[in-house]
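# Breakdown of the fold
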Amino acid sequence: MNTQSHQTDFNDLFNKFPGVMVGTEAAPIYHFFHAPNSICSQKVRAVLAFHQIPHSSHLLDIFTGETYDPDYVRMRMVGCASLGGPMADQHLGTTSVQSGGCDGCVVPTLVEASTGAVTVDSLRICLALDGGVAGDKLIPAALKNAILGELAVVDDLPNYQNLAVRVVPKTAQDNAFAASKVARCDALLATHGNDPVLRAAYAAKRAKEQYAAEKLFDQPALKQARQAVIDALNGLESRLAAGTGPWLFGACVTMADLFWGAELIRTEDVGQGHLWQENHLPNVAAYYARLCEIPALQSAILNFPSARLAPQKPAGV
């Protein structure tokens, strides 16, 4: 797990966003900060559920801005600092921290209960959780490179544009979600601009969302985002057709299946399930049906309160 701090530093935060114990143990191994409908949170929840790792679940509301809370941001910036890379000040539309840098105002964040060590980035969190359990792994050593390749494909998909267009009113501009985040950062900078840690987080976030508002929501950019999803699904169809199934790497569920499960559920929720339905991609369709039967995905997304957006019909249907 990443970096230094100490659990007692975050007691105010734990009290502000009280946790609910998940698991049968009396004390959690981790404090997990997440949001129901965050796809990155969903991936981590699936890994936690698959391995039945006891943790304290601290829910944040994305739409009311709880991920911008100063105490939460200070804690998250500890994890960002440990990565050693840049803060994200341009929005690529993906969830990949490796490609875009660290964002101080998002979920998920994992805090080790015994040490207070903070880990950010859903991919790193999932890898650390899987590496820390005894017994069967979601990333068996013999398949590590192939599975990491699948995780990178999912992590690099432009989920932001598809989600942001979905959650704004039909009368609003497509970039309204990003523009609202810019305005939120302006207000927070006016209040907390003298705090160097918060200023760094909010200034980078403002630049990132301003970039998104200006670059990601014109029609060519939205078309490119949709095409990226289509291309990824076509690639998945080919790999499934060539495999021995029922999962991407044979008989056992791997982390690749959990990540693709989260991605396909989100794709359906934003009105793009038609891309594999009606026999367009029969192997993806059958795979999706199997994924929805995995208990970890049911717990993390399908049956998790407020995790799903109401599925929409595609335009023109």
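Scroll up a little and you will see the structure.
A brief structural summary. A quick note: this is a predicted structure, and the numbers were derived from the prediction, not measured.

## Observations concerning the nonpolar core
Residues Leu129, Met255, Leu258, Trp260, Leu264 and Tyr287 are the most contacted members of the largest nonpolar core, which totals 52 residues. Among the elements that line this core, the one with the most residues is helix α11 (residues 255–269), at 8 residues. Core analysis: the next-biggest nonpolar cluster, separate from the first, contains 24 residues, Phe10, Leu13, Leu60 and Ala201 among them.

## Brief notes about helix α9 (residues 196–215)
The end-to-end C-alpha distance of α9 is 28 Å, a good match for the 28 Å that 20 residues give at a rise of 1.5 Å each. If you check which residues of α9 are buried, you get Leu198, Ala201, Tyr202, Ala204, Lys205, Lys208, Glu209, Ala212 and Ala213. Looking at the buried side of α9, the elements it contacts are α3 (70–83), α7 (159–167) and α8 (176–192). The opening residue of α9, the one whose side-chain oxygen lies 3.0 Å from the backbone nitrogen of Val197, is Asp195.

## Here we look at the state of the cysteines
A full pass over the atoms with the stated rule returns 1 disulfide. Sulfur-sulfur distance for the disulfide between Cys80 and Cys102 comes to 2.0 Å. Handedness here is read from the sign of the S-S torsion; for Cys80 and Cys102, about -65 degrees, the answer is left-handed. On the criterion of sequence distance, the pair formed by Cys80 in helix α3 and Cys102 in the loop between α4 (97–100) and β4 (109–112) is long-range, its members being 22 residues apart.

## Some details on the packing of aromatic side chains
This model, assessed by the stated rule, comprises 8 aromatic pairs. Between the aromatic rings of Phe33 and Tyr72, the centroid separation amounts to 5.8 Å while the plane-to-plane angle is 50 degrees, which identifies the pairing as tilted. Of this pair, Phe33 sits in strand β2 (residues 30–34) while Tyr72 sits in helix α3, and the two are 39 residues apart along the sequence. With respect to class, Phe33 is no different from Tyr72; both count as buried. Among the aromatic residues, those joined into a ring-pair cluster are Phe10, Phe14, Phe33 and Tyr72.

Parameters at a glance
- Each chain has its residues counted from 1, running along the sequence as written.
- Confidence filtering applies because this is a predicted model: local features only for residues at pLDDT of at least 70, side-chain atom pairs given and counted only at 80 or more, and all residues used for totals across whole chains, interfaces and linings.
- Each side-chain value is derived from all of the structure's non-hydrogen atoms; neither hydrogens nor water enter the calculation.
- By nonpolar core we mean a set of buried residues, namely Ala, Val, Leu, Ile, Met, Phe, Trp, Tyr and Cys, connected to one another through side-chain atoms within 4.5 Å.
- The buried label applies to any residue whose accessible area, calculated with a 1.4 Å probe on protein chains only, is under 20% of its type's maximum; exposed applies above 50%, and partly exposed to all values in between.
- A helix here means a DSSP run of H or I that spans at least four residues, while a strand means a run of E at least two residues long, and both kinds are numbered starting from the N terminus.
- Multiplying 1.5 Å by the residue count of a helix minus one yields the expected span of that helix.
- The criterion used for residue contact is that any of the two residues' heavy atoms lie within 4.5 Å.
- Two N or O atoms form a polar contact when they lie within 3.5 Å of each other; inside protein one atom must be a possible hydrogen donor and the other a possible acceptor, and for residues adjacent in sequence the pair counts only when both atoms belong to side chains.
- Only a pair of cysteine sulfur atoms within 2.5 Å counts as a disulfide in this structure description.
- Two rings belonging to Phe, Tyr or Trp (six-membered ring only in the last case) form a pair when the distance between their centres is within 6.5 Å. Interplanar angles under 30 degrees mark stacking, angles over 60 mark edge-to-face geometry, and anything in between is tilted.

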